[in-house]
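For reference, the chains in residue letters:
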Amino acid sequence: MPGITREEVAHLARLARLELKDEELDHFAGQLDDIIGAVARVSEVAGQDVPPTSHPLPLTNVMRPDEVRPSLTPEQALSGAPAQEQQRFKVPQILGEE
């Protein structure tokens, strides 16, 4: 596979509206070539028998099942509220909507 040329890097820089100096073009051409080579090596390793995955190990749901437990009554929950209305906390209006 041919390497990334400095002209290709300059073209990409123009598309991204980046102003690069000549030494930066050479530097980034080498770095991009290394990145593309690394991606190519990874592509070679992944065979047809290896399914694409997002995690190396299977994930399981760690949430507990829902269970009814004793909790506060609405009156207890609202007992410290500065204002309440229809068993809800009443807060100042901030968006100017009804």
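Residues numbered from 1 in each chain as written. Predicted model: local features only at pLDDT ≥ 70, side-chain atom pairs only at ≥ 80, totals over all residues. Heavy atoms only, no water.

An unreviewed UniProt entry lists the protein under the name Aspartyl/glutamyl-tRNA(Asn/Gln) amidotransferase subunit C, from Streptomyces noursei. According to its UniProt record, the protein has this under Subunit (unreviewed entry): "Heterotrimer of A, B and C subunits." Looking at the protein in UniProt, the text filed under Sequence similarities (unreviewed entry) is "Belongs to the GatC family." (UniProt positions renumbered as here; feature names shortened; annotations may be inferred.)

Chemist: What am I meant to see in a nonpolar patch on the surface here?
Modeler: Taken together, the side chains of L12, L15, F28, L32, I35 and V39 present a nonpolar region at the surface, about 530 Å² in accessible area. Listing elements by their share of the nonpolar patch, those giving two or more residues are α1 (6-15) and α2 (22-45). By residue number, the principal contributor to the nonpolar patch is α2, which donates four residues. Mapped onto the elements, V39 comes out in helix α2. (Patch = residues over 30% accessible without salt bridge, like charges linked within 9 Å, V, L, I, M, F, W, Y side chains within 5 Å. Areas by Shrake-Rupley, 256 points an atom, 1.4 Å probe, with all protein chains shown as cover. Salt bridge = Lys/Arg side-chain N within 4 Å of Asp/Glu carboxyl O. Helix = DSSP H or I, 4+ residues; strand = E, 2+ residues; numbered from the N terminus.)

Chemist: I would appreciate a short explanation of the pattern of salt bridges in the present structure.
Modeler: A side chain of one charge can pair with a side chain of the opposite charge if their charged atoms are brought near each other. Per the counting criterion, the structure on display carries four salt bridges. Across the pair R6 and D22 runs a salt bridge, and its minimum N-O distance is 3.6 Å. Residue R6 is found in helix α1, and its partner D22 is found in helix α2; the two are separated by 16 residues along the sequence. Put simply, E67 and R69 hold a salt bridge, and the shortest N to O gap is 3.7 Å. Overlapping salt bridges bring together R6, D22 and D26 as one network.

Chemist: I'm lost on the packing of α1 against α2 in this one. Help?
Modeler: The description of two packed helices rests on the angle between their axes and on the distance between the axes. At their nearest, the axes of α1 and α2 sit 8 Å apart, and the two run at 105° to each other. On the basis of their axis angle, the class for α1 and α2 is roughly perpendicular. Along the contact surface, α1 presents R6, V9, A10 and L12, while α2 presents D22, L25, D26, F28, A29 and L32. Partitioning the contact of α1 with α2 into residue classes produces seven nonpolar, no polar and three charged. (Axes fitted to C-alpha atoms, helices over the stretch in contact; angles between N-to-C directions. Parallel < 35°, antiparallel > 145°, perpendicular 65-115°, else oblique. Contact = heavy atoms within 4.5 Å. Nonpolar A, V, L, I, M, F, W, Y, C, P; charged D, E, K, R; others polar.)

Chemist: Would you take a moment to explain α1 for this structure?
Modeler: For an α-helix, 3.6 residues make a turn, and residues three or four places apart therefore share a direction. When α1 is considered as a whole, its buried residues turn out to be V9, A10 and A13. What you see down the axis of α1 is that its buried residues fit within an arc of 100°, all on one side. In this structure, α1 carries E7, R14 and L15 as exposed residues pointing more than 90 degrees from its buried face. Of the surrounding secondary structure, the elements contacted by the buried residues of α1 are α2. Note on α1: the residue one or two positions beyond its end, R17, has a positive phi of about 60°. (Buried < 20%, exposed > 50% of the residue type's maximum accessible area, 1.4 Å probe, protein only. Arc of directions from axis to C-beta.)

Chemist: What is the right way to read the environment of A40 from this model?
Modeler: Along the chain, A40 falls in helix α2. As for A40 and I4, which are separated by 36 residues in sequence, their C-alpha atoms are 14 Å apart.

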